[in-house]
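# Fold and geometry: a report
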Amino acid sequence: MVTTPQIRKMTVEEFEQFVLLPENADKNLEFIGGRIVEMVSNSYCSIVAGIVIGRFRRYLDDVQNIGWITVTDGGYKVMGERYIPNVGFILKTKYPNAPRETYIQLSPDLAVEVLSPSDNENETRAKVVNYLRAGVIVWVVDPDKQIVQLFVPNEAPRTLGINDTLDGGTLLPGFTLSVKDIFPE
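These numbers come from a predicted model, not from an experiment.

### Section: the nonpolar core
Counting 29 residues, the largest nonpolar core has Phe-56, Leu-110, Val-112, Trp-139, Leu-166, Leu-172 and Ile-182 as its most contacted members. Considering each element in turn, this core owes the most residues, eight residues, to helix α2 (residues 43-62). If you look at the next biggest cluster of nonpolar residues, it comprises 15 residues, including Val-78, Tyr-95, Val-138 and Phe-151.

Take a look at the structure:
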């Protein structure tokens, strides 16, 4: 009888040492469910994330500079795991100075996850659940289906289609973004 060896899950402390190794310096690594996950995207997903980042930046510059935006190099500690959303937003009331850590000590207030072909559905679901448990608003952007799934703590999930408009709710008052504008032709 042949048995398959069990793969041991890593601890968060082991993960934090692993990401510091020189050979991992140029990798975007997340820690999901005790496993290392390298975040690999593609150009279109990067463009989609860039559009969202641009709109956030314009909103913060024009309306009020109330928070910090992070991109795919900025990580967060969320429920004992380590995530790098495509776009993260954290209020300055929670984090007054520009963060300098690899993984910010607090969860973001808003996380935007742009699905890429390499994303695993179970890992994405686990991240959304943990984000919600930490009180984070989550936008899951699906470039293939051209939809945005909206997850707000203590509310039913919503799916917005190409003719709908995202809004910033109480977190980003006055912010709007048409879903169709997220997906360039």
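Next comes the rest of the description.
### Looking at the pattern of salt bridges
Evaluated as defined, the whole model comprises seven salt bridges. The salt bridge involving Glu-16 is made with Arg-82; its shortest N-O contact spans 2.6 Å. Here Glu-16 is found in helix α1 (residues 12-18), whereas its partner Arg-82 is found in strand β5 (residues 81-83), with 66 residues between them in sequence. The exposure class of Glu-16 is partly exposed, given its relative accessible area of 25%. The buried category is assigned to Arg-82, whose relative accessible area is 7%. One salt bridge in this structure joins Asp-61 and Arg-57, with 2.9 Å as the shortest N-O distance. Of this pair, Asp-61 and Arg-57 both sit in helix α2, four residues apart, roughly one helical turn. Residue Arg-57 is classed as partly exposed on the basis of its relative accessible area, which comes to 32%. Three or more residues joined by partner-sharing salt bridges are found here, namely Glu-16, Lys-77 and Arg-82.

### Describing the pairing of strand β10 (residues 147-151)
Two faces belong to every sheet, and in a regular strand the side chains alternate between them. The buried fraction of β10 is high, at four of five residues. As defined by bridge partners, strand β9 (residues 137-142) adjoins β10 across five bridges and the pair is classed as antiparallel. Residue pairing across strands places Asp-142 opposite Ile-147, the latter belonging to β10. Between β9 and β10, which follow one another and run antiparallel, lie four residues, and Gln-146 among them has a positive phi close to 55 degrees. Where β10 lies against strand β11 (residues 158-160), three bridges are found, and the strand directions are antiparallel. The residue bridging Leu-150 from the neighbouring strand is Arg-158, located in β11. Linking β10 to β11, which pair antiparallel, is a turn of six residues; within it Asn-154 sits at a positive phi near 65 degrees.

### Some thoughts on the side chain of Glu-81
Tracing the chain through its elements places Glu-81 in strand β5. Buried and unpaired, Glu-81 has Lys-9 as its nearest opposite-charge partner, separated by 7.6 Å. A polar side-chain atom of Glu-81 sits 2.4 Å from a polar atom in the side chain of Tyr-83. A polar atom in the side chain of Glu-81 sits 3.2 Å from the side chain of Asn-130.

### Things to note about the environment of Gly-168
The residue Gly-168 is located in the loop between β12 (165-167) and β13 (176-178) in this model. Overall, Gly-168 belongs to the buried group, its relative accessible area being 11%. Once the C-alpha coordinates of Gly-168 and Phe-56 are considered, the two residues, 112 residues apart in sequence, prove to be 9.8 Å apart.

### Some thoughts on the packing of aromatic side chains
If you walk through the whole model with that rule in mind, you get six aromatic pairs. Each ring, one from Phe-56 and one from Trp-139, has its centre 5.7 Å from the other, and the planes form 50 degrees; the classification is tilted. In this pair, Phe-56 sits in helix α2 while Trp-139 sits in strand β9, placing the two residues 83 residues apart along the sequence. With respect to class, Phe-56 is no different from Trp-139; both count as buried. Among the aromatic residues, ring-to-ring pairing joins Phe-56, Tyr-59, Trp-139 and Phe-175 into one connected group. Lying over the aromatic face of Trp-68, Lys-92 brings its terminal NZ or CZ to 4.3 Å of the ring centre. Between Lys-127 and the ring centre of Tyr-83, over which it is positioned, the NZ or CZ distance is 5.7 Å.

About the criteria used
Residues numbered from 1 in each chain as written. Predicted model: local features only at pLDDT ≥ 70, side-chain atom pairs only at ≥ 80, totals over all residues. Heavy atoms only, no water. Core = buried A, V, L, I, M, F, W, Y, C linked by side-chain atoms within 4.5 Å. Buried < 20%, exposed > 50% of the residue type's maximum accessible area, 1.4 Å probe, protein only. Helix = DSSP H or I, 4+ residues; strand = E, 2+ residues; numbered from the N terminus. Salt bridge = Lys/Arg side-chain N within 4 Å of Asp/Glu carboxyl O. Pairing = 2+ DSSP bridges. Lys, Arg positive; Asp, Glu negative; His and termini not counted. Polar contact = N/O pair within 3.5 Å; in protein donor to acceptor, adjacent residues only side chain to side chain. Phe/Tyr/Trp six-rings, centres within 6.5 Å; stacked < 30°, edge-to-face > 60°. Lys NZ or Arg CZ within 6 Å of the ring centre and 35° of its normal.

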